[in-house]
Amino acid sequence: MTLAFEVSDRLYEAAQEWADRRLEDIDEALETKVEQALLEIEHLVSQSHDVTFEVDGREIRYEPTEELAALLRRQAEENGVDESAVLKMHVDLYANAFLDEVTDEQKPPGTPSE
């Protein structure tokens, strides 16, 4: 089952901030943020360490593992939405999880900069 969803403004803004901080292209940054979120979700649910997905503009297409698909199906049925909407919500939760929130000045002495 391949699921597709449109990237939320929140996730896109997080990717834009990620791109600005690292002088990356927004498309690369968006792909990085989506990959990080999908890896976290899959690891929590299925212990998987690999994800394959497609990014087309702001649309994401992903085929979840059987374990994640079952969880998404169950949550979708419980809430009266489809699996793609549930996956989008989970991915959106990670939108800002990987942004640097501590400046170099706030880090302990000897901590390397990125």
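For the structure given in this document, a descriptive report is provided here. None of these values were measured; they are calculated from a predicted model.

Calculation rules
Residues numbered from 1 in each chain as written. Predicted model: local features only at pLDDT ≥ 70, side-chain atom pairs only at ≥ 80, totals over all residues. Heavy atoms only, no water. Patch = residues over 30% accessible without salt bridge, like charges linked within 9 Å, V, L, I, M, F, W, Y side chains within 5 Å. Areas by Shrake-Rupley, 256 points an atom, 1.4 Å probe, with all protein chains shown as cover. Salt bridge = Lys/Arg side-chain N within 4 Å of Asp/Glu carboxyl O. Lys, Arg positive; Asp, Glu negative; His and termini not counted. Charge placed at Lys NZ, Arg CZ, Asp CG, Glu CD. Helix = DSSP H or I, 4+ residues; strand = E, 2+ residues; numbered from the N terminus. Buried < 20%, exposed > 50% of the residue type's maximum accessible area, 1.4 Å probe, protein only. Contact = heavy atoms within 4.5 Å. Polar contact = N/O pair within 3.5 Å; in protein donor to acceptor, adjacent residues only side chain to side chain. Axes fitted to C-alpha atoms, helices over the stretch in contact; angles between N-to-C directions. Parallel < 35°, antiparallel > 145°, perpendicular 65-115°, else oblique. Nonpolar A, V, L, I, M, F, W, Y, C, P; charged D, E, K, R; others polar. Expected span 1.5 Å × (residues − 1). Arc of directions from axis to C-beta. Pairing = 2+ DSSP bridges.

On the surface, Asp25, Asp27, Glu28, Glu31, Glu35 and Asp50 cluster together into a patch of negative charge. In this fold, glutamate 28 is placed in helix α2 (residues 26–46).

The residue serine 48 is located in the loop between α2 and β2 (53–56) in this model. Residue serine 48 is classed as buried on the basis of its relative accessible area of 17%. Setting aside residues up to four positions removed in sequence, serine 48 forms contacts with Leu39, Glu42, His43 and Thr65. Of note is the side chain of serine 48, whose polar atom sits 3.1 Å from the backbone oxygen of aspartate 50.

Contact geometry for α2 and helix α4 (residues 83–93): axes closest at 9 Å, N-to-C directions at 110°. As the angle between them shows, α2 and α4 are arranged roughly perpendicular. The segment α2 lies against α4, with Ala37, Leu38 and Ile41 engaging Leu87, His90 and Val91. In terms of residue class, the contact of α2 with α4 is made up of five nonpolar, one polar and no charged.

Side-chain pairs of opposite charge can arise whenever the charged atoms involved come near each other. Tallied over the full model, the rule gives five salt bridges. Among the salt bridges present, the one from arginine 10 reaches aspartate 92, with a minimum N-O distance of 3.7 Å. One end of the pair, arginine 10, is in helix α1 (residues 9–22); the other, aspartate 92, is in helix α4, and 82 residues separate them in sequence. In this structure, arginine 61 and glutamate 59 form a salt bridge, with 2.5 Å as the shortest nitrogen-oxygen distance. A single salt-bridge network, built from bridges that share partners, covers Glu54, Glu59 and Arg61.

Bringing α1 into the picture now. Its 14 residues give α1 an end-to-end C-alpha distance of 20 Å, which sits within 8% of 20 Å, the value for a rise of 1.5 Å per residue. Along α1, the residues that are buried comprise Leu11, Ala14, Ala15, Trp18 and Ala19. Mapping the buried residues of α1 onto a view down its axis gives an arc of 140°, with all of them on the same face. Away from the buried face of α1 by more than 90 degrees, exposed residues Asp9 and Glu13 are located. Leucine 23 sits one or two residues past α1 and shows a positive phi near 55°.

Quick look at the pairing of strand β1 (residues 3–6) now. Residues Leu3 and Phe5 point to one face of β1 and are all buried, whereas Ala4 and Glu6, pointing to the other face, are not buried. The sheet contact formed by β1 and strand β3 (residues 59–62) spans four bridges and is antiparallel. Considered in β3, the bridge of leucine 3 is made with tyrosine 62.

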